[in-house]
Amino acid sequence: MTVTQQAPAVEIQKVAARFRSKKRDVLALENVSMDVRPGEFVSIVGPSGCGKSTLLKLVSGLLKPSAGAVRLLGGPVGGPRKDVGYVFQRAALLEWRTARRNILLQAEMRGMPQKEAAARAAELIEMTGLQGFEDALPHELSGGMQQRVALCRALLHRPPVLLMDEPFGALDALTREQMNVELHRIWHETSTTVLLVTHSIAEAVYLGNRVVVMTPRPGTIAEVIDVELPRRRNYAATMSQPAFASATSHIRDLLGAATHRE
Amino acid sequence: MKGDLLIVVQTVTIRDRDRLGELAERSWRPFALLAACFGIWWALTEFEVVPRYLVPSPGATLQLIADKAGYITHHTLVTGYETVLGFVIAVVVGVAAAVLMVASAEVEKTLYPLLLFAQVVPKIAIAPLFVVWLGFGLTPRIVVAVLIAFFPVVISMVTGLKSVDPEMLQLASTMGASPAKTFVKIRFPASLPFLFSGLKVAVTLAVTGAVVGEFVGGNDGLGSIILQANGNLDTPMLFAGLLVMSLLGVVLFAAVEFAERLLLPWHASRRGDAVTVTY
Ligand SMILES: Nc1ncnc2c1ncn2[C@@H]1O[C@H](COP(=O)(O)OP(=O)(O)OP(=O)(O)O)[C@@H](O)[C@H]1O
Ligand SMILES: [Mg+2]
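Residues numbered from 1 in each chain as written. Chains lettered and ligands numbered in written order. Predicted model: local features only at pLDDT ≥ 70, side-chain atom pairs only at ≥ 80, totals over all residues. Heavy atoms only, no water.

1. What about the domain arrangement of chain A?
Residues and elements named next belong to chain A. Along its sequence, chain A is organised into domain 1 (3–83 + 160–261) and domain 2 (90–159). In this structure, domain 1 and domain 2 have C-alpha centres spaced 24 Å apart. Facing 17 residues of domain 1, the contacting portion of domain 2 comprises twelve residues. Interface of domain 1 and domain 2: buried area, both sides summed, is about 1,100 Å²; carbon and sulfur atoms make up 67% of it. Here domain 1 is connected to domain 2 by zero salt bridges. For the side of domain 1 that touches domain 2, the secondary-structure elements that each account for two or more residues are strand E7 (161–165) and helix H5 (173–189). When grouped by side-chain class, the residues that make up the side of domain 1 that touches domain 2 number ten nonpolar, three polar and four charged. (Domains from an automatic or database assignment. Contact = heavy atoms within 4.5 Å. Buried area = accessible area lost by both parts, 1.4 Å probe. Salt bridge = Lys/Arg side-chain N within 4 Å of Asp/Glu carboxyl O. Helix = DSSP H or I, 4+ residues; strand = E, 2+ residues; numbered from the N terminus. Nonpolar A, V, L, I, M, F, W, Y, C, P; charged D, E, K, R; others polar.)

2. Topic: the packing of aromatic side chains
Scanning the entire structure with this criterion turns up nine aromatic pairs over all chains. On the numbers, 5.4 Å between centres and 50° between planes, the contact of Trp96(A) with Trp266(B) is tilted. Pair noted here: Trp96(A) is in the loop between strand E6 (84–87) and helix H2 (99–110) and Trp266(B) is in helix H11 (residues 265–273), and the two residues belong to different chains. For the residue pair Trp96(A) and Trp266(B), the accessibility class agrees, reading buried in each case. When the ring of Phe183(B) is compared with that of Phe188(B), the centres are 5.8 Å apart and the planes differ by 40°; the resulting orientation is tilted. Assessed through its relative accessible area of 28%, Phe188(B) is described here as partly exposed. These aromatic residues form a ring-pair network of at least three members: Phe38(B), Trp41(B) and Phe239(B). (Phe/Tyr/Trp six-rings, centres within 6.5 Å; stacked < 30°, edge-to-face > 60°. Buried < 20%, exposed > 50% of the residue type's maximum accessible area, 1.4 Å probe, protein only.)

3. Thoughts on the sheet that holds strand E4 (residues 67–72) of chain A
All names here are of chain A. One open sheet holds the four strands; their spatial order is E2-E1-E4-E5, and the pairing between them is antiparallel. Since the sheet does not close on itself, it has two edges, and those belong to strand E2 (25–36) and strand E5 (75–76), each with one partner. In this sheet, E5 lies alongside E4 in antiparallel orientation, the contact comprising two bridges. The partner of Arg71 across the bridge, within E5, is Pro76. Where helix H1 (residues 52–59) meets the sheet, its contacts fall on strand E1 (10–20), E2 and E4, and the angle it forms with E1 comes to roughly 120°. (Pairing = 2+ DSSP bridges. Axes fitted to C-alpha atoms, helices over the stretch in contact; angles between N-to-C directions.)

4. Overview of the site of ligand 1
Residues and elements named next belong to chain A. Neighbouring residues of ligand 1: 14 residues in total, closest Ser48, Gly49, Lys52, Ser53 and Thr54. Within the side chain of Arg217, an N or O atom sits 2.9 Å from an oxygen atom of ligand 1. Of all the secondary structure elements, the ones that give two or more residues to the shell around ligand 1 are E2 and H1. Broken down by element, the shell around ligand 1 gets its largest block of residues, three residues, from H1. (Near = heavy atom within 4 Å. Polar contact = N/O pair within 3.5 Å; in protein donor to acceptor, adjacent residues only side chain to side chain.)

5. A look at the pairing of strand E10 (residues 221–226) of chain A
Residues and elements named next belong to chain A. Note: strand E9 (residues 210–214) against E10, five bridges, orientation antiparallel. By the bridge assignment, Val213 is partnered in E10 with Glu223. Connecting the antiparallel pair E9 and E10 is a turn made up of six residues.

If you want it as structure tokens, here you go:
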């Protein structure tokens, strides 16, 4: 691994997350430690229920770890952080707002200048192929379109850290590829640090500098795989690289072993 | 790709069609039912199944309403005024109480038992007390209308404010949104569909409240017309009063529903007013 002098953008230190209620006591994460360098793209894969969404919520301060500590952009996370862009697993759109106004919610809440926000929103709508649906309400959009609206909303303020929880889960294969290429381009052109949770191994490898593979609950890190591919990647060319094939098959083995153990 | 399946779905929205036709399409059933009720009423009196002095004929009742239009209009306006004012006060106070209760658990713990107590006390039984306290004017009737309409407003608004998607609120906190902005842009609009279902109950109850208030005190309003007519065994006037009162309730209900359609078009359309036709 390359040694960088910069402080990590995200530091996760011996973190555990436990959900306790009257009915059950769930240990979602246990002893998870990981550093993410600024500008790095880290993909997270793991079986359902292993605590991937929980991990993203810990990083953004929406949840408090029951043990350990999380640091973001050099400071301790002690509550919800606004220096992130968040794409939730469900699109979480306001059903009374049109697609455009759902995207602009980000600007309104942050008090961004209106003109700049409108221009940025138009740019993102164009990029995600939502033109023509700017004035549609969420219930008039397909699941995949709703997720694209949520993605635009997360990118509107050009966040230094982007947290994405299965953002492309509801997309068809072709649109998903296009979105992967777009996301890769955005990441390449900006210095955004990205944490992406996904169930697609190909997506994880194509996009990630590293892929974190997690074990079933309680989630721990099974292995972190360095993806030996150039920083700038062409989709079709990447798919046929030996490094791509070896990484995906290795991850598949890890996940298979993990699920069989359960 | 794993087989390209193309499904063609054509949608036609009724929204764009002839609006009058749509209205007729939607409302012929209730009108037919109403006509049937009038028909039965007419038959009962026409063939003297029940004696005329107990149940007047529909014709005679409508005739009376026409003859005494000025008198009835005056009293309807009085009841309408009490109802609307009572309803508006109930909405303002009820929404404010709900917001406070959701904002603070302490307030909720304090207010909730009080509200419940106020709700279980029969308003009809305490109405005379308000007349003793507040005199024979409009005030005691408005107070009864407020009291009776208040509860559904609070309950529906509290439910609405509490049923906001928690992930939506988490999202707002990643945007650094202030509690005020979160309330205005997320919580409040999200609770409106709930509030409106409470308002529809509240507005019809407000009519009842105003009339109950008129029963126990004063000498104007539809309630007192009915009471007087009852005392004089003037059944045509009694029926006229009942008819107009029901009409008042229906009109106010329709007004609330109209406001809902106007303010929450997204909600109405999601309920499926746009018809999808698949071939
Ligand atoms: N708010 C909560 N209250 C109680 N338990 C929770 C809560 N959120 C998550 N959990 C539990 O924590 C565990 C991990 O949940 P999490 O949503 O992080 O999984 P995940 O890896 O994102 O799964 P998936 O891939 O299905 O989205 C699960 O067993 C879940 O039941
Ligand atoms: Mg998840």
